[in-house]
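# An overview of the molecular structure
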Amino acid sequence: MSFINYSSREINCKIVYYGPGLCGKTTNLQFIYRKTNPEQKGKLISLATETERTLFFDFLPLALGDIKGFRVRFHLYTVPGQVFYAASRKLILKGVDGVVFVADSQLERMDANLESMEDLKINLAEQGYELERLPFAIQYNKRDLPTAVPLTEINSAINTDSTPWFEAVATRGSGVFETLKGVAKLVLMELKKNY
Amino acid sequence: MLVGCPRCKVRLKVPDEKIGPQGTRFKCPKCAVVLLVKRPAPKPEQQKNYTLNAKKVLVAHPDQSIADRVGEMLENEGFIVLKAADGVEAMVQAMKELPFLVLLDVALPKIYGFELAKRLKERPETKGIKSVLLSSIYDKSRYRREPASLYGADDYLDEHQIEELLMDKIKALTGQGEPRANAPETEKAGAASSATDILEKYAPPRPEPPAGPELPPKAPAFSAPRGDAMVEKARRLARTIMADINLYSPQKVEASIRENSFFTVFASELREGKKLYDNRIPPDVRSQGDFFREAVENFIEGKKKTLGIN
């Protein structure tokens, strides 16, 4: 649910990076933060528990132009990935405008990927959202690892609804902005439909 | 034989020789309810010998063109080919048709091929079926490596090698050729008693086995295909919980397994995990087996193996 700030003439959109524990959500966000112009971004806020962090920051990508005189500000969030933190994930999904699912390409994390995808659908459904109707992109991260599952296999297992997907090695930044642009495009299309 | 009174839950010891062929009536000494006690039915595997069809091969692959290509090859060699496009369909076909061999794509929809291979080995009627996992590879030069585990399957084959190697592998599996020298060791079914002993300390007491006719009958071993997919989901969640415990504190896990204190050290994680599992998995699926406990046992067993602890 995007929020409009009339005084600053901005539309605020929330994009949540979801995925299993240690799949690279934080690495994605940190890379985006590092590469974004200081004038365009807010503070990087980290809510840390003993083992997990939730990161948040907002930024205003100037290249995207405006919608009816309003600029679009993106608020990027990560969720704690560890399977136990279901309640925090549900909370962070409130008011979401777009989701990036970061999948860990390693064979030993296939269970965790599927479980996290299921968890995403359940948590969205509990708040009245349907994943199929949300701007949504999948990122297959850690493609450089020798244990990475072939793309055709991981995609057929996780991506059952032909969602746009991207390959990434987030530690090197490859595929990070491509994924963000992919989901941002879908969020903007949705905004243009509604405003 | 131990019998549980359905009313007062007291456990009674009944000598086997006192139970007649039609069962014998006993009065519970505590609550005076009359129980009809019968001998337990023999286990299904003792009742029936399952014969596999030496001509039938099941090809389970979501890609129709690959399934057809493999099917044609096998038919030319005189085999009867069955096909399935997802894991549930493959499971049903394997149980119904009892082929001697199944070729399973690793990423089958609904139930993964490697999960299915493990499931087939666990069932009495299908444990004799030979299974071969089919896998494609992402980058032939960079990512090719021998799998560390076949999840109970007998062999594996990369998709681009089917034409070249499939018939040799079938011969090897049926004892008509040389077995593969470099095939990785398959996982052994069942957990060691030591792991079970540790788990007993943490787990709540198990319910008493049904003994008399008054108690509800045991759920059938295989209820429905949909049920099977749900069981697979329950297993997957339980495995993920254990994998996450390990992922976030690998050194602590290792030390606690070496010191035999895993259940004390990770008591709160296990409690949280069980809570999540109970919330997420419907009671009818949980009643089919304690999959959480199974995942904990398998995890400890696997860790012990890796650490070289017996």
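In this report, we go over the structure that sits alongside the text. It should be emphasised that the depicted structure is a prediction, and the values quoted were computed from it without experimental measurement.

Moving on to the overall build of chain B. Helix and strand content of chain B: 12 helices and 9 strands. Across the 310 residues of chain B, 43% fall into the buried class. Long-range contacts, defined here as pairs at least 24 residues apart, represent 63% of the contacts in chain B between residues at least 6 apart. With an accessible surface of roughly 16900 Å², chain B has 51% of that area assigned to carbon and sulfur atoms.

Let us now look at helix 4 (residues 113–122) of chain B. The buried fraction of helix 4 of chain B amounts to 7 of the 10 residues, a majority that puts the element mostly inside the structure. Those residues of helix 4 of chain B not exposed but buried are G113, F114, E115, L116, A117, R119 and L120 of chain B.

Now for the interface of chain A and chain B. Accessible area lost when the parts come together is the quantity often used to give the size of an interface. Each partner contributes to the interface: chain A provides 31 residues, whereas chain B provides 28 residues. Interface of chain A and chain B: buried area, both sides summed, is about 2600 Å²; carbon and sulfur atoms make up 57% of it. Of all residues in chain A, F84, D111 and E153 of chain A give up the largest surface area on contact with chain B, accounting jointly for 24% of the area buried on that side. Linking chain A with chain B are 6 salt bridges, by the criterion used here. Applying the counting rule to chain A against chain B returns 7 residue pairs in polar contact (both at pLDDT 80 or more). Where the side of chain A that touches chain B is concerned, the elements lending two or more residues are helix 3 (110–126) and helix 4 (151–158) of chain A. Top element by residues in the side of chain A that touches chain B is helix 3 of chain A. It accounts for 8 residues. Tallied by class, the residues present in the side of chain A that touches chain B amount to 14 nonpolar, 7 polar and 10 charged.

Another point: the nonpolar core. Generally speaking, nonpolar side chains in soluble globular proteins are found buried as a group. Ranked by internal contacts, the top residues of the largest apolar core, which has 48 residues, are F101, L120 and I158 of chain A. Here F101 of chain A is in contact with Y18, G19, P20, N113, S116, M117, L120, F136, A137, I138, Q139 and I158 of chain A, once residues within four sequence places are set aside.

In this structure the tally under the stated criterion is 0 disulfides over all chains. C8 of chain B provides the cysteine sulfur closest to C28 of chain B, a residue in no disulfide bond, and the two sulfurs are 3.7 Å apart.

Turning our attention to helix 12 (residues 291–307) of chain B. All names here are of chain B. Its 17 residues give helix 12 an end-to-end C-alpha distance of 24 Å, which sits within 8% of 24 Å, the value for a rise of 1.5 Å per residue. Counting buried residues along helix 12, 12 of its 17 residues qualify, which places the element largely inside the surrounding structure. F291, F292, R293, A295, V296, E297, F299, I300, E301, K303, K304 and L307 are the residues of helix 12 that are buried.

Before going further, it helps to examine the layout of surface pockets. Computed from the structure, the second largest pocket encloses a volume of approximately 460 Å³. Around the second largest pocket, the lining is made up of 19 residues, and of these L114 and E118 of chain A together with K110, K233 and R236 of chain B lie nearest the centre. Going through the elements one at a time, helix 3 and helix 4 of chain A together with helix 7 (225–248) of chain B are the ones with two or more residues in the lining of the second largest pocket. Of all the elements, helix 7 of chain B adds the most residues to the lining of the second largest pocket, at 5 residues. For the lining of the second largest pocket, the per-class residue count stands at 10 nonpolar, 2 polar and 7 charged.

With that settled, consider unusual backbone geometry. All names here are of chain A. Residue L22 is not a glycine yet carries a positive backbone phi of 55°. For L22, the position within the fold is in the loop between strand 2 (10–18) and helix 1 (25–35). The phi torsion at K142 lies on the positive side, around 65°, for a residue other than glycine. In this fold, K142 is placed in the loop between strand 8 (136–141) and helix 4.

Turning to empty space enclosed by the protein, a few remarks are in order. The final tally for this structure, using the stated rule, is 3 cavities of 30 Å³ or more. The space that makes up the largest cavity amounts to roughly 70 Å³. In terms of lining residues, the largest cavity is bounded by P20, G21, G81, V83, R89, R109, A112, E115, S116 and D119 of chain A together with T240 and D244 of chain B. Contributions of two or more residues to the lining of the largest cavity are made by helix 3 of chain A together with helix 7 of chain B. Take the lining of the largest cavity: its biggest share by element is 4 residues, from helix 3 of chain A. Split into classes, the residues belonging to the lining of the largest cavity amount to 3 nonpolar, 4 polar and 5 charged.

Tallying each qualifying case throughout the model produces 33 salt bridges over all chains. Between D104 of chain A and K142 of chain A there is a salt bridge, and its shortest N-O distance comes to 2.8 Å. Placement of D104 of chain A in strand 7 (residues 98–104) and of K142 of chain A in the loop between strand 8 and helix 4 is noted, with a sequence separation of 38 residues between them. The buried category is assigned to D104 of chain A, whose relative accessible area is 1%. The residue K121 of chain B makes a salt bridge to D154 of chain B at a minimum N-O spacing of 3.1 Å. Of this pair, K121 of chain B sits in helix 4 while D154 of chain B sits in the loop between strand 8 (130–135) and strand 9 (155–158), and the two are 33 residues apart along the sequence. Residue classification places K121 of chain B among the partly exposed positions, given a relative accessible area of 25%. Through salt bridges with shared partners, a single ionic network connects R119, E122, E232, R235 and E294 of chain B.

Rules of the game
Residues numbered from 1 in each chain as written. Chains lettered and ligands numbered in written order. Predicted model: local features only at pLDDT ≥ 70, side-chain atom pairs only at ≥ 80, totals over all residues. Heavy atoms only, no water. Helix = DSSP H or I, 4+ residues; strand = E, 2+ residues; numbered from the N terminus. Buried < 20%, exposed > 50% of the residue type's maximum accessible area, 1.4 Å probe, protein only. Contact = heavy atoms within 4.5 Å. Areas by Shrake-Rupley, 256 points an atom, 1.4 Å probe, with all protein chains shown as cover. Buried area = accessible area lost by both parts, 1.4 Å probe. Salt bridge = Lys/Arg side-chain N within 4 Å of Asp/Glu carboxyl O. Polar contact = N/O pair within 3.5 Å; in protein donor to acceptor, adjacent residues only side chain to side chain. Nonpolar A, V, L, I, M, F, W, Y, C, P; charged D, E, K, R; others polar. Core = buried A, V, L, I, M, F, W, Y, C linked by side-chain atoms within 4.5 Å. Disulfide = S-S within 2.5 Å. Expected span 1.5 Å × (residues − 1). 1 Å grid on protein atoms, 1.4 Å probe; cavity = no way out; pocket = protein on both sides within 12 Å on 5 of 7 lines; lining within 4 Å. Points joined across faces, edges and corners; volume = space filled by probe spheres on them.

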